[in-house]
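Remarks on the overall topology
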Amino acid sequence: MGIGQNSKLGHSPIVARPSQCVDSPISKWPKPEQPREKLRSLGASTLSNAELLAIFLRVGVKGKTAVELAEDLLSQFGSLPKLLNSNPEELTAIHGMGWSKWSQIQAAYELVKRSLEEKLAQDSIFASPNHVREFLQAKIGRLPHEVFLCLYLDARCRLIECHELFRGSITHTAVYPREILKEALERNASALIVAHNHPSGNPLPSQADQDLTKTLEKALQLVDIPLLDHCIVSSSGFFSFSDAGLIQNTQK
């Protein structure tokens, strides 16, 4: 299937602010340097992560602009994905951050995930393989617990539904092939991708992962539903059984 190619979920262009912007409120910055004005004139891709985040924060705190507050948040959490996946208690414990700002950030993040999911529903997964990876990394890549997803596909390999079938602890999820087959048949799926995350951070498959994949592949063959891939996602990596040659599907 080839969905393990390198891709980026975003980028953070480094933008040096003019000296007159330092210690000045954003409203006093030169128009071209203000995040909203820059987005309008040059496009969102030209803004740094901190500038984009500042647009959602809207205001900073005493002595800090929204951009400086955003920079502090990114520094404290270590990365944008960690910030986006933070729980409300972690974020609201920071001075200047309340439930309203946490909600705004989470709403924006959820829109991104839903946009990726809709894209998979519109196009064949073979036409946009990186969308599968991006969607799975956004959906489950940084969860603190293990989750097992099934992506049910129609005859044109477009997404019918992404269904969280099992949820477990940080070290184990009980997965039952019979339940997976039942759900696939109920949705009249023509093909299937399964995925789960490794909260430990290591995306390489365990022996149990390999055994499950073989069992599931054989079970699905009995009902003529090809298993196109088993993807393992972590906070820092991605593994595709198909790319590794560990699944022999006939729809490549």
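Further up the page is the structure itself.
The structure contained in this document is the topic of the report that follows. What you see is a predicted model; the values in this text were computed from it and never measured.

Okay, the nonpolar core next. Ranked by internal contacts, the top residues of the largest apolar core, which has 44 residues, are Leu53, Leu57, Leu73, Leu91, Met97, Ile125 and Leu136. Sort the elements by how many residues they give to this core and helix H3 (residues 66-77) lands first, with seven residues. When neighbours within four sequence positions are excluded, Leu136 is seen to be in contact with Gly141, Leu149, Leu151, Ala195, Cys231, Val233 and Phe238. Counting residues in each nonpolar core, the second largest holds 22 residues, with Phe166, Ile180, Ala219 and Ile247 among its members.

Tallied over the full model, the rule gives four aromatic pairs. Arranged with centres 5.4 Å apart and planes meeting at 90°, the rings of Phe239 and Phe241 form a pair that is edge-to-face. Residue Phe239 shares its accessibility class with Phe241, and that shared class is buried. Note that Lys113 overlies the ring of Tyr109, its terminal NZ or CZ placed 4.8 Å from the centroid.

Before going further, it helps to examine the pattern of salt bridges. What the rule picks out here adds up to 10 salt bridges. The closest approach of N and O atoms between Glu110 and Arg114, which form a salt bridge, is 3.0 Å. In this pair, Glu110 and Arg114 both sit in helix H6 (residues 99-122), four residues apart, roughly one turn of the helix. Taken together, the shared-partner salt bridges connect Glu110, Lys113 and Arg114 into one network.

Here is what the cut-offs are and how they apply
Residues numbered from 1 in each chain as written. Predicted model: local features only at pLDDT ≥ 70, side-chain atom pairs only at ≥ 80, totals over all residues. Heavy atoms only, no water. Core = buried A, V, L, I, M, F, W, Y, C linked by side-chain atoms within 4.5 Å. Buried < 20%, exposed > 50% of the residue type's maximum accessible area, 1.4 Å probe, protein only. Helix = DSSP H or I, 4+ residues; strand = E, 2+ residues; numbered from the N terminus. Contact = heavy atoms within 4.5 Å. Phe/Tyr/Trp six-rings, centres within 6.5 Å; stacked < 30°, edge-to-face > 60°. Lys NZ or Arg CZ within 6 Å of the ring centre and 35° of its normal. Salt bridge = Lys/Arg side-chain N within 4 Å of Asp/Glu carboxyl O.

Function cannot be read off these values alone, since they describe shape.
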